[in-house]
Amino acid sequence: MAKKRSGGTDRHSELGLKREDLVSMHRTMLLARFCDERQWAFNRQGKAPFVVPVSGHEAAQVGSAWAFEAGKDVFCPYYRDMALVLALGFTPRDVFLGLFGKAEDPSSGGRQMPAHWGSRRLNIISGSSPIATQVLHAAGIAYAKRYKKEDAVVGTWFGEGGTSEGDWHGAMNFAGIHKLPLVFVCENNQYAISVHESKQVAGRVYKRAEGYGFPGVEADGNDVLETFRVTKEAVDRARAGDGPTLIELRTYRFFSHTSDDDDRTYRTRAEVEQAKRNDPIPRFERYLVETGILSEDDIAAARAEAKEEVARQAAEAQEADFPDPDSAARHVFAEDGGAA
Ligand SMILES: Cc1ncc(C[n+]2csc(CCOP(=O)(O)OP(=O)(O)O)c2C)c(N)n1
Ligand SMILES: [Mg+2]
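Procedures and definitions
- Residue indices begin from 1 for each chain and proceed along its sequence in written order.
- As they are written, the chains are lettered A onward and the ligands numbered 1 onward, keeping that order.
- For this predicted model, a pLDDT threshold of at least 70 governs which residues receive local features, and a threshold of 80 or more governs which side-chain atom pairs are given and counted, while totals over whole chains, interfaces and linings are taken from all residues.
- Hydrogens and water molecules were not included; the side-chain quantities draw on all heavy atoms of the structure.
- Two strands are said to pair when DSSP picks up at least two bridges between them.
- The way it works is that DSSP assigns letters per residue, a run of H or I at least four long becomes a helix, a run of E at least two long becomes a strand, and they are numbered from the N terminus.
- A crossover gets the label right-handed when its path from the first strand over the helix to the second runs clockwise, viewed with the strands pointing away from the viewer.
- We call a residue near a molecule or strand whenever a single non-hydrogen atom of that residue lies within 4 Å of it.
- Any pair of nitrogen or oxygen atoms within 3.5 Å is treated as a polar contact; in protein, a donor-acceptor pairing is required on top of that, and neighbouring residues in sequence qualify only through side-chain atoms on both sides.
- Here the nonpolar group is Ala, Val, Leu, Ile, Met, Phe, Trp, Tyr, Cys and Pro; Asp, Glu, Lys and Arg are the charged ones; every other residue, Gly included, is treated as polar.
- Each residue's exposure class comes from its accessible area (1.4 Å probe, protein chains only) as a fraction of the maximum for that residue type: buried when under 20%, exposed when over 50%, partly exposed otherwise.
- Only nitrogen, oxygen and sulfur atoms within 2.8 Å of the metal, or 3.2 Å for Na, K and Ca, are treated as donors, and water is left out, so sites may look incomplete.
- Labels for metal geometry use angle windows, namely 85 to 135 degrees for all angles of a four-donor tetrahedral site, and for square planar (four donors) or octahedral (six donors) sites opposite donors over 155 degrees apart plus all others within 65 to 115; sites meeting none of these are irregular.
- Residues form patches when they are more than 30% accessible in relative terms and have no salt bridge. Like charges link within 9 Å. Nonpolar side chains (Val, Leu, Ile, Met, Phe, Trp, Tyr) link within 5 Å.
- Shrake-Rupley sampling with a 1.4 Å probe provides the accessible areas, and residues are treated as covered by the protein chains on show and by no other component.
- By definition here, a salt bridge exists when the distance from a side-chain nitrogen of Lys or Arg to a carboxyl oxygen of Asp or Glu is within 4 Å.
- Ring pairs shown here join Phe, Tyr and Trp side chains whose ring centres sit within 6.5 Å, with only the six-membered ring taken for Trp; geometry is labelled stacked below 30 degrees between planes, edge-to-face above 60, and tilted in between.

Caption draft 1: Structural detail: the pairing of strand E6 (residues 216-220). In terms of strand pairing, E6 meets strand E7 (residues 245-250) through 5 bridges, oriented parallel. If you follow Asp220 over to E7, its bridge partner there is Arg250. Assessed by its sense of winding, the connection that carries the chain from E6 through helix H8 (residues 224-239) to E7 is right-handed.

Caption draft 2: Up close: the site of ligand 1. Inspection of the region around ligand 1 gives 16 residues, with Tyr78, Tyr79, Arg80, Gly161 and Tyr191 positioned closest. At 2.9 Å from an oxygen atom of ligand 1 is found a side-chain nitrogen or oxygen belonging to Asn189. Residue classes in the shell around ligand 1 are distributed as 7 nonpolar, 6 polar and 3 charged.

Caption draft 3: How the structure looks around helix H5 (residues 92-100). The buried fraction of H5 is high, at 8 of 9 residues. Those residues of H5 lying buried are Pro92, Asp94, Val95, Phe96, Leu97, Gly98, Leu99 and Phe100. Taken from the residues just after H5, Gly101 is the one with a positive phi, measuring 70°.

Caption draft 4: Highlighting the coordination of the magnesium ion (ligand 2). Taken together, Glu160 (OE), Glu160 (OE), Asn189 (OD1) and Tyr191 (O) make up the full set of protein donors to the magnesium ion (ligand 2), lying 2.1 to 2.7 Å away. Coordination at the magnesium ion (ligand 2) comes from 6 donor atoms whose angles at the metal span 51 to 178°, giving a geometry best classed as irregular. Expressed as a motif, the donor residue spacing for the magnesium ion (ligand 2) is E-x28-N-x1-Y. Across this residue pair, the class does not change: Asn189 and Tyr191 are buried.

Caption draft 5: Local environment of a nonpolar patch on the surface. A cluster of nonpolar side chains, Tyr143, Tyr147 and Phe174, forms an exposed patch at the surface whose accessible area comes to about 330 Å². Inspection of the secondary structure assignment puts Phe174 in helix H7 (residues 166-178).

Caption draft 6: Expanded view of the packing of aromatic side chains. For the coordinates displayed, the defined rule picks out 15 aromatic pairs. Seen from their ring centres, Phe75 and Trp157 are 6.2 Å apart, and the 35° between their planes marks the pair as tilted. Separated by 82 residues along the polypeptide, Phe75 in strand E1 (residues 74-76) and Trp157 in strand E2 (residues 154-159) bring together distant segments of the chain. According to the relative accessible area criterion, Trp157 is buried, its value standing at 0%. Look at Phe184 and Phe214: their rings are 5.8 Å apart centre to centre, the planes differ by 15°, and that puts the pair in the stacked class. Residue Phe184 is located in strand E3 (residues 182-188), and its partner Phe214 is located in the loop between strand E5 (195-196) and E6; the two are separated by 30 residues in the primary sequence. Given a relative accessible area of 0%, Phe184 falls into the buried group.

It is worth stressing that arrangement in space is one thing and function is another; only the former is reported here.
And the structure:
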């Protein structure tokens, strides 16, 4: 039984989250962090050509994912969303199968670049590399779901850089006009590769929603309970037929943009160290200890177990087979001469 903090009910109980949810959210955040450290190491060892890091974004992704209904809702993520797809049902093995381009990679069978997340089983729509294209896909899917009277909400995730794209504005406009069951989640980490937010938007991202006729909210993206709270409200609104919401989650990425980028050219080390003091994982762990959900020992055990799980599943993925070269044209041309 969770201890009550003085002066009121626990935040998670007010949000309808149970102990099992919190333990599972914490574990998912740890899996993402350790997958990230592992994939970065593989890259430096020359074993993984291209890596997109997630560290720093775990609370934004896990809290927002938790607000949706798996199996029913549809997800249009972007490349940085490893913690999001882990929350939706990817395993660390799946992550590494994609990283190494192995045949069993759920996203594309080893054909796409890593981090182009997709899964037919989990309703995760694989995206293209041009940023914000997934936002238009999400608007089209939300329109189709409503047209077919299906009970599904669509979520789409993107960075603040993506909000400068015409595709993004087209999707926002369409969603507002048609009151689509759609939740727009901006993971604002203040940089689009080297471009600072101040050179990206003159105003504020969340305020852009007003021009399209629906609410925009901002929240602390490093607080997993807060990211859950604002997303749950938006998902409930969408499911009730009240239309879309834009959510801006303020966060920070701890590593370079990708393994092809060197962030020392545009961010001081002091700035990065300062941001790490607000690391979403220790922050959540402090909450778990304060409320008596987990002890310090439980947290140490959870960390050791998650790290070991990631190492084991990464090794399994390394052993897996590459796609058969003869299958290279599959899903490119219609097979048997018929319609695809
Ligand atoms: C249309 C388009 N322009 C440029 C790029 C190159 N590019 C890839 S990621 C990126 C930065 C995006 O930043 P943001 O949306 O803030 O997301 P973050 O990477 O910070 O999470 C850019 C410019 C691209 N992929 N597509
Ligand atoms: Mg960004």
